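Residue-level listing of the chains:
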Amino acid sequence: MSLVVENLTIDHGAIRAIDNVSFTVPTGQLAAVIGANGAGKTTLLRTLSGLKESKSGSATWNGKSILGARPEDLARSGIMHVSDGKSVIAELTVKENLALAGLWRKDKKDVAAVTSEVVDLFPVLGQRMSQASGSLSGGERQMLAIGRTLIARPKLLLLDEPSLGLAPLIIEQIFQTIKSLVAKMNLTVVLVEQNAMGALKIADEGIVLNLGSVVAVDSAQTLLNDPAVRAAYLGF
Ligand SMILES: Nc1ncnc2c1ncn2[C@@H]1O[C@H](COP(=O)(O)OP(=O)(O)O)[C@@H](O)[C@H]1O
Ligand SMILES: [Mg+2]
């Protein structure tokens, strides 16, 4: 049971964004894919969630190919993507955003159960239930973007730069919540980040991307402690 990416190559026209990338994330683990702006992180996630075509290579989730599948079929098989835009419906309240996320699910009892789990994970959402989502702070919006995705009870969660544009204290909170999610919601997570230090601190495995290529892959702890990797790619 795992996500297996093998020799994956993805182009944007003449630009090679992901070049022969391979890595494995065992079920129940949190993998951090780190790299600077332009490294190919968003392109990789968009391809894994069916939004972008690949050029060559393979990606499987629990043995089944996911490349080229429709995003809605991937969602039904438990693969969910939180894009880097903290995407929520600004005009709707927090409560309505959460309700909308569960609208398509048949098991209404479980929708109610998972909604209260989400509010337990992000207590601030509980305090803002009737507030318009557009008036939330950046951190609260990010929590809602992740929270509404969890209503689907995903198995594989793809997170695109949840720390982007947030204050350090909020980043710390969001990272800690992401870490606790893995066990609490029985998830496997691919966390894509420029914030290498913060992401590696909570991750099991680390994959360092540079200009579309994997330049290091190891346990997150080993990468954090490797002076050469730190100096060359992590910037601390
Ligand atoms: N829609 C697009 N059309 C053309 N080039 C793109 C497109 N999206 C991304 N790129 C290019 O692909 C490379 C990787 O981008 P991206 O995946 O967004 O990186 P990251 O998320 O790590 O910042 C960059 O060189 C970027 O300019
Ligand atoms: Mg990106």
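Note that the structure is predicted; figures quoted are calculated from it, not measured.

(A) Fine view of the overall build of the protein chain. In terms of regular secondary structure, the protein chain is built from 10 helices and 10 strands. What you see for the protein chain is a C-alpha radius of gyration of 17 Å, in line with the 18 Å of a compact globule of 236 residues. Expressed as lengths along the three principal axes of its C-alpha atoms, the size of the protein chain is roughly 50 × 35 × 30 Å. For the protein chain, buried positions account for 41% of its 236 residues. Here the analysis covers contacts within the protein chain between residues at least 6 apart in sequence; of these, 66% occur between residues at least 24 apart.

(B) Representation of the environment of Ala220 within the structure. Residue position: Ala220 is located in helix H9 (residues 220-224). Taking the C-alpha atoms as reference, Ala220 lies 5.2 Å from Leu200; in sequence the two are 20 residues apart. Once residues within four sequence positions are removed from consideration, Ala220 is found in contact with Ala32, Leu200, Ala203, Asp204, Glu205 and Gly206.

(C) Structural detail: the sheet that holds strand S3 (residues 30-34). Within the open sheet, the six strands sit side by side as S6-S7-S8-S3-S9-S10. Their pairing is mixed. At either end of the open sheet lies a strand with only one pairing partner, and these are strand S6 (79-82) and strand S10 (213-219). Direction aside, the axes of adjacent strands within the sheet are offset by 15° on average. Note that S6 and strand S7 (residues 156-160) share four bridges and pair parallel. Paired with His81 across the strands is Leu158, a residue of S7. Helix H1 (residues 41-48) rests against S3, S6, S7, strand S8 (188-193) and strand S9 (205-210) of the sheet, and its axis sits at about 150° to S7. Its contacts with the sheet place helix H7 (residues 168-184) against S3, S7 and S8, and it is angled at close to 160° to S8.

(D) Region of the structure containing the site of ligand 1. Neighbouring ligand 1 are His12, Gly13, Ile15, Ala17, Gly35, Asn37, Gly38, Ala39, Gly40, Lys41, Thr42 and Thr43. Of all the elements in the fold, those that place two or more residues in the shell around ligand 1 are strand S2 (15-26) and H1. A per-element tally of the shell around ligand 1 places H1 first, with three residues.

(E) Examining the packing of helix H3 (residues 94-102) against helix H6 (residues 138-150) more closely. Packing of H3 against H6 leaves a shortest axis separation of 8 Å and a crossing angle of 30°. On the basis of the axis angle, H3 is roughly parallel to H6. In terms of crossing hand, the pair formed by H3 and H6 is right-handed. Of the residues in H6, those in contact with Val94, Asn97, Leu98 and Ala101 of H3 are Leu144, Gly147 and Arg148.

(F) Examining the sheet that holds strand S1 (residues 2-12) more closely. With antiparallel pairing, four strands are arranged side by side in an open sheet as S2-S1-S4-S5. Only two strands of the sheet have a single neighbouring strand rather than two, namely S2 and strand S5 (64-65). Of the pairings in the sheet, the one linking S1 to strand S4 (residues 56-61) comprises five bridges and is antiparallel in character. Across the sheet, residue Leu3 finds its bridge partner in S4, namely Trp61.

(G) Expanded view of unusual backbone geometry. The phi torsion at Lys86 lies on the positive side, around 50°, for a residue other than glycine. Examined against the element boundaries, Lys86 turns out to sit in the loop between S6 and H3. Judged by the 22 C-beta atoms lying within 10 Å of it, Lys86 is buried.

The rules we used
- Residues numbered from 1 in each chain as written.
- Chains lettered and ligands numbered in written order.
- Predicted model: local features only at pLDDT ≥ 70, side-chain atom pairs only at ≥ 80, totals over all residues.
- Helix = DSSP H or I, 4+ residues; strand = E, 2+ residues; numbered from the N terminus.
- Rg over C-alpha atoms; globule rule 2.2 N^0.38 Å.
- Buried ≥ 20, exposed ≤ 12 C-beta atoms within 10 Å, placed from the backbone.
- Contact = placed C-beta atoms within 7 Å.
- Pairing = 2+ DSSP bridges.
- Axes fitted to C-alpha atoms, helices over the stretch in contact; angles between N-to-C directions.
- Near = placed C-beta within 6 Å.
- Parallel < 35°, antiparallel > 145°, perpendicular 65-115°, else oblique.
- Left-handed = near helix turned anticlockwise from the far one by under 90°.

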